[in-house]
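Per-entry structural report
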Amino acid sequence: WVWFGAAVYLVAVIVKTAYRIRMGAIDEFGPVIHEFDPYFNFRATEYLYEHGAKKFFQWFDYMVWYPLGRPVGTTIYPGMQFTAVWIKRYLLPDWSLNDVCCYIPAWFGAVASLIVGLITYECTIPANSSSNLPQWVWDLIQGKMTNLTPVARPMVLGLNSPSLECGVFAMA
């Protein structure tokens with residue numbers, strides 16, 4: 001149990017460090033959007049929050065790509081905007097949309113660090129890191145059939161990887 005406790009402590013320190021790194025600009029300057037791309041994403045989030053999804057996907061923004069404008073609804077990946085609006089409406093209704101958009105990179109950076117760590121752990125398990133793995137991946141990319149078979153594990157929710165399962169359950 002000592003090793004397990006040490007591993008949990010180490011993971012907590014890594015996630016906290018990832019969070020603190022992303023919070024550096026907010027600690028120094030406050031929740032302010034500094035660059036153009038994040039500001040455009042904030043404007044798109046603001047439009048989605050005020051006008052709804054239907055108008056968002058039909059929105060033609062005349063303030064960007066001057067003088068042509070941009071059909072935002074058909075040229076943007078709206079996952080971040082929908083996530084920010086959902087957080088604002090259901091989790092943090094008292095926060096401003098600006099604050100939610102400023103803190104999302106820190107939150108998602110910490111979660112991404114955790115998931116990358118779990119995937120790295122999964123790759124270091126001896127059953128998953130055999131010397132045949134690179135050849136198996138190369139053959140798979142080329143479409144060749146190989147006689148290599150993956151290690152049989154019981155499946156939970158259709159997932160074979162215990163680390164992936166932990167990551168999915170952590171996000172649920």
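In what follows, the structure referred to is the one given above.
Residues numbered from 1 in each chain as written. Predicted model: local features only at pLDDT ≥ 70, side-chain atom pairs only at ≥ 80, totals over all residues. Heavy atoms only, no water.

Considering the arrangement of structural elements, one finds Phe40 in helix 3 (residues 36-51). In this structure, the C-alpha to C-alpha distance between Phe40 and Met63, residues 23 residues apart in sequence, is 9.9 Å. Non-local contacts of Phe40, meaning those with residues more than four positions away in its chain, are made with Asp61, Val64, Arg70, Val72 and Ile76. (Helix = DSSP H or I, 4+ residues; strand = E, 2+ residues; numbered from the N terminus. Contact = heavy atoms within 4.5 Å.)

Take the pattern of salt bridges next. Any two side chains of opposite charge can pair, so long as their charged atoms come close to each other. Evaluated as defined, the whole model comprises two salt bridges. Taking the shortest distance from any N to any O, the salt bridge between Arg20 and Asp27 comes out at 2.3 Å. Judged by relative accessible area, Arg20 falls into the partly exposed class, the value being 39%. Note on Asp27: relative accessible area 46%, which makes it partly exposed. Between Asp61 and Arg43 there is a salt bridge, with the nearest N and O atoms lying 2.8 Å from each other. Of this pair, Asp61 sits in strand 1 (residues 60-61) while Arg43 sits in helix 3, placing them 18 residues apart in sequence. Comparing Asp61 with Arg43, the two get one shared label, buried. (Salt bridge = Lys/Arg side-chain N within 4 Å of Asp/Glu carboxyl O. Buried < 20%, exposed > 50% of the residue type's maximum accessible area, 1.4 Å probe, protein only.)

Core analysis: the largest hydrophobic core is formed by 13 residues, its most contacted members being Met23, Ile26, Phe42, Ala84, Val100 and Ile104. Of all elements in the fold, only helix 6 (79-91) and helix 7 (97-124) reach the threshold of two or more residues within this core. Among the elements that make up this core, the one with the highest residue count is helix 7 (seven residues). Non-local contacts of Phe42, meaning those with residues more than four positions away in its chain, are made with Ile33, Leu97, Asn98 and Cys101. Counting ten residues, the second-largest nonpolar core is a separate cluster that includes Phe40, Tyr47, Leu48 and Ile76. (Core = buried A, V, L, I, M, F, W, Y, C linked by side-chain atoms within 4.5 Å.)

Here the focus is the packing of aromatic side chains. Here the structure, examined in full by the defined rule, presents twelve aromatic pairs. Aromatic pair Trp86 and Tyr90: ring centres 5.8 Å apart, planes at 50°, arrangement tilted. Taken together, the residues Trp86 and Tyr90, both in helix 6 and four residues apart, mark about one turn of the helix. (Phe/Tyr/Trp six-rings, centres within 6.5 Å; stacked < 30°, edge-to-face > 60°.)

A word on a nonpolar patch on the surface. Taken together, the side chains of Trp1, Phe4 and Val8 present a nonpolar region at the surface, about 450 Å² in accessible area. Among the secondary structure elements, Trp1 is positioned in the segment before helix 1 (2-22). (Patch = residues over 30% accessible without salt bridge, like charges linked within 9 Å, V, L, I, M, F, W, Y side chains within 5 Å. Areas by Shrake-Rupley, 256 points an atom, 1.4 Å probe, with all protein chains shown as cover.)

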